[in-house]
Amino acid sequence: MKFPHDFLFGAASASYQIEGAWNEDGKGLTNWDVFSKIPGKTYKGTNGDVAIDHYHRYKEDIKLMAEMGLESYRFSISWARILPTGDGEVNDKGLEFYNNVINECLKYGIVPFVTLYHWDLPITLEEDGGWTNKRTAEAFIKYAEVCFRAFGDRVKHWITFNETVMFCGLGYLKGAHPPGIQNDENKYFQATHYVFYAHAKAVEVYKEMNHYGEIGITHVFLPAFSVDDRHENVVAARHANEYETLWYYDPILKGEYPSYVVEQLKEKGWTPSWTEEELATLKRNAGKNDFIGLNYYQPIRVEKNNETVSSMEHSRETSTLAPGNPSFDGFYRTVKMEDKTYTKWGWEISPQGFIDGLHMLKERYGDIKMYVTENGLGDEDPIIDGEIVDVPRIKYIEEHLKVIKRAIKEGIHLKGYYAWSVIDLLSWLNGYKKQYGFIYVDQQNNLNRKKKLSFHWYKHIIETRGEEL
Ligand SMILES: C[C@@]1(C(=O)O)OC[C@H]2O[C@@H](O)[C@H](O)[C@@H](O)[C@H]2O1
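Worth saying up front: this structure is predicted, and the values here are computed from it rather than measured.

A. Structural context of helix α13 (residues 351-365). Look at α13: 21 Å from first C-alpha to last across 15 residues, which is about the 21 Å you get at 1.5 Å a residue. Residues of α13 that are buried: P351, G353, F354, I355, G357, L358, L361 and Y365. Positive backbone phi, approximately 70°, marks G366, located one or two places after α13.

Here it is as structure tokens:
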């Protein structure tokens, strides 16, 4: 059986991780332009000043995507190219660049799937409190409207935010991302709330423009499972799902926060300073979401944590989602299991965990359309006789596409798959060591591009619509 005719086979990237041209054509400074240059913050001091120079080489890259037969390309817009000061004047050169990227995609019949925010925030807003300041939410709504107006005639698929849990969690709890704050639960929960509010307002604005496209948000999907049937561990898994999934998915799809978490935030003094108008905005717009984007890489296996967790000193290493760390509130800890397989970065490889999680989502949120907006293997790819023989990546994606096909047969409303990433790119915390792409970029040789083994494999899968999977 083939994948459905309207299922999109895609691949993804993000502006800061591929574009470079960090200070060209009127682009404003972003939080990552500044944070990445603070000594010790990134792996070997890598940053996105050049990245893989996609800003100047987008035509070559999109031509390669077309050669792969890619049906859709998910990329993000750098806010600071459009509004260099965050909420001031529009930069026409920024509009021009993304118009060129969109038109280049359409030239090959590649469907552009655009993420408005993939972590690069104009520095003026970061320095004014970032997502803990409602000004940033209001600025996002202005930025989104500028993009809808400029590109909405050709872009019909919009993602507002990528992985809120990551930029808020790493920004305000682990400190591994800008603004580099550790263990501040009040700021963390406040930031997530203003992101959800900004999302709901952007959905409302988009729908009022009658562009007849679709809009949603992309969240990490990290289903938590108990390590065994012991009651305290089952309770720990429930707790993890409430904080890591329901806190993110409920305000979007139900328009309200999960009561389990709300009650505990009240007890702990972590309740965001939300207003009735903001909460009403979430409620009013929840039903207008066209889809939810899932970034699935792994499940987590959890057990009750019985050791006291003082405010941990975090590092890049404790921020890479490898198992063995306690949750920020100390309630549970993740566990590396003897009978599971893991990537070099300690992420469990579990297609079964994905399909089990998908049924959990369907049970709670019904038939909401879903896209897999990221899935892929971060690896140090083997090179044999000059060829990138990334067989582990082929196996990883193949196994996940198989369960996606099964999930669709079981009634899960999945309409597309975007591999992370279309091309090797800058990792926020791992530099260029952790590769994800179908296309290799030679960092030692003029950033030359080279098709990997997986490029040819994915081309075949797309051509045959995954019939053999
Ligand atoms: C943490 C990490 C990683 O480095 O493996 O997860 C997978 C992937 O998620 C994406 O949204 C990030 O933009 C990209 O950089 C990757 O980030």
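B. Structural context of the side chain of H219. Its place among the elements puts H219 in strand β5 (residues 214-221). Look past the residues within four positions of H219 in its chain and what remains in contact with it is T164, F196, Y248, Y249, I252, I292, G293, L294 and N295.

C. Representation of the packing of α13 against helix α14 (residues 391-409) in the model. Running from amino to carboxyl end, α13 crosses α14 at an angle of 25°, the nearest separation of the two axes being 9 Å. In terms of axis orientation, α13 runs roughly parallel to α14. Read as a crossing pair, α13 and α14 show a hand that is right-handed. Counted together, P351, Q352, F354, I355 and L358 of α13 and E399, H400, V403, I404, R406 and A407 of α14 form the full contact between these two elements. In terms of residue class, the contact of α13 with α14 is built from 7 nonpolar, 2 polar and 2 charged.

D. Looking closely at the site of the ligand. What surrounds the ligand is a group of 15 residues, the closest being Q17, H118, W428, K434 and Y436. Here an oxygen atom of the ligand and a side-chain polar atom of E163 are 3.4 Å apart. In this structure, an oxygen atom belonging to the ligand sits 2.9 Å away from a side-chain N or O atom of E374. Within the complex, the protein chains bury 93% of what would otherwise be the 370 Å² of accessible surface of the ligand. Looking at the shell around the ligand, its residues break down into 7 nonpolar, 5 polar and 3 charged.

E. Main features of the nonpolar core. Core analysis: the largest hydrophobic core is formed by 151 residues, its most contacted members being W131 and F140. Top element by residues in this core is helix α9 (residues 185-208). It accounts for 13 residues.

F. Broad picture of the environment of D61. Here D61 is to be found in helix α3 (residues 54-68). Taking the relative accessible area as the measure of exposure, D61 reaches 1% and is therefore buried. When the C-alpha positions of D61 and I439 are compared, they lie 9.0 Å apart, and in sequence the two are 378 residues distant. Residues in contact with D61, not counting those within four places in the same chain, are H54, I423 and R449. At a separation of 2.8 Å, a polar atom in the side chain of D61 contacts the side chain of H54.

G. Structural context of the sheet that holds strand β13 (residues 414-420). Strands sit in the order β1-β2-β3-β4-β5-β7-β10-β13 around a closed barrel of 8 strands; the barrel is parallel. Taking the axes of each pair of neighbouring strands and ignoring which way they run, one obtains an average angle of 25° across the sheet. Each of β5 and β7 (291-296) is contacted by helix α10 (residues 231-253), which is oriented at about 165° to β5, the strand it contacts most.

H. Fine view of the sheet that holds strand β9 (residues 332-334). Across the sheet, which stays open at both edges, the 3 strands sit in the order β6-β8-β9 with mixed pairing between neighbours. With one partner strand each, in any of the chains shown, β6 (224-226) and β9 form the two edges of the open sheet. Neighbouring strand axes in the sheet, compared pairwise and without regard to direction, differ in orientation by 45° on average. Pairing analysis gives 3 bridges linking strand β8 (residues 300-304) to β9, with the strands arranged antiparallel. For V302, the partnering residue across the bridge sits in β9 and is T334. Packing of α10 onto the sheet brings it into contact with β6, β8 and β9, and relative to β8 it is tilted by some 125°.

I. Quick peek at the UniProt feature "active site" (unreviewed entry) in the chain. Listed under "active site" (unreviewed entry) in the UniProt record, and renumbered for this structure, are E374. By the secondary structure assignment, E374 is in strand β10 (residues 369-374). Those residues in contact with E374 that lie beyond four places of it in its chain are R74, H118, N162, E163, L294, N295, Y296, Y297, Y418 and W420.

J. Region of the structure containing α10. Where α10 bends most, the angle comes to about 50°, and this point is L246. Counted residue by residue, α10 has 18 buried out of 23 residues, so it is predominantly covered. Once α10 ends, the next one or two residues include G255, with phi positive near 75°.

Calculation rules
- Residues numbered from 1 in each chain as written.
- Predicted model: local features only at pLDDT ≥ 70, side-chain atom pairs only at ≥ 80, totals over all residues.
- Heavy atoms only, no water.
- Helix = DSSP H or I, 4+ residues; strand = E, 2+ residues; numbered from the N terminus.
- Expected span 1.5 Å × (residues − 1).
- Buried < 20%, exposed > 50% of the residue type's maximum accessible area, 1.4 Å probe, protein only.
- Contact = heavy atoms within 4.5 Å.
- Axes fitted to C-alpha atoms, helices over the stretch in contact; angles between N-to-C directions.
- Parallel < 35°, antiparallel > 145°, perpendicular 65-115°, else oblique.
- Left-handed = near helix turned anticlockwise from the far one by under 90°.
- Nonpolar A, V, L, I, M, F, W, Y, C, P; charged D, E, K, R; others polar.
- Near = heavy atom within 4 Å.
- Polar contact = N/O pair within 3.5 Å; in protein donor to acceptor, adjacent residues only side chain to side chain.
- Areas by Shrake-Rupley, 256 points an atom, 1.4 Å probe, with all protein chains shown as cover.
- Core = buried A, V, L, I, M, F, W, Y, C linked by side-chain atoms within 4.5 Å.
- Pairing = 2+ DSSP bridges.
- UniProt positions renumbered as here; feature names shortened; annotations may be inferred.
- Bend = angle between axes of the 7 residues up to and from the residue.

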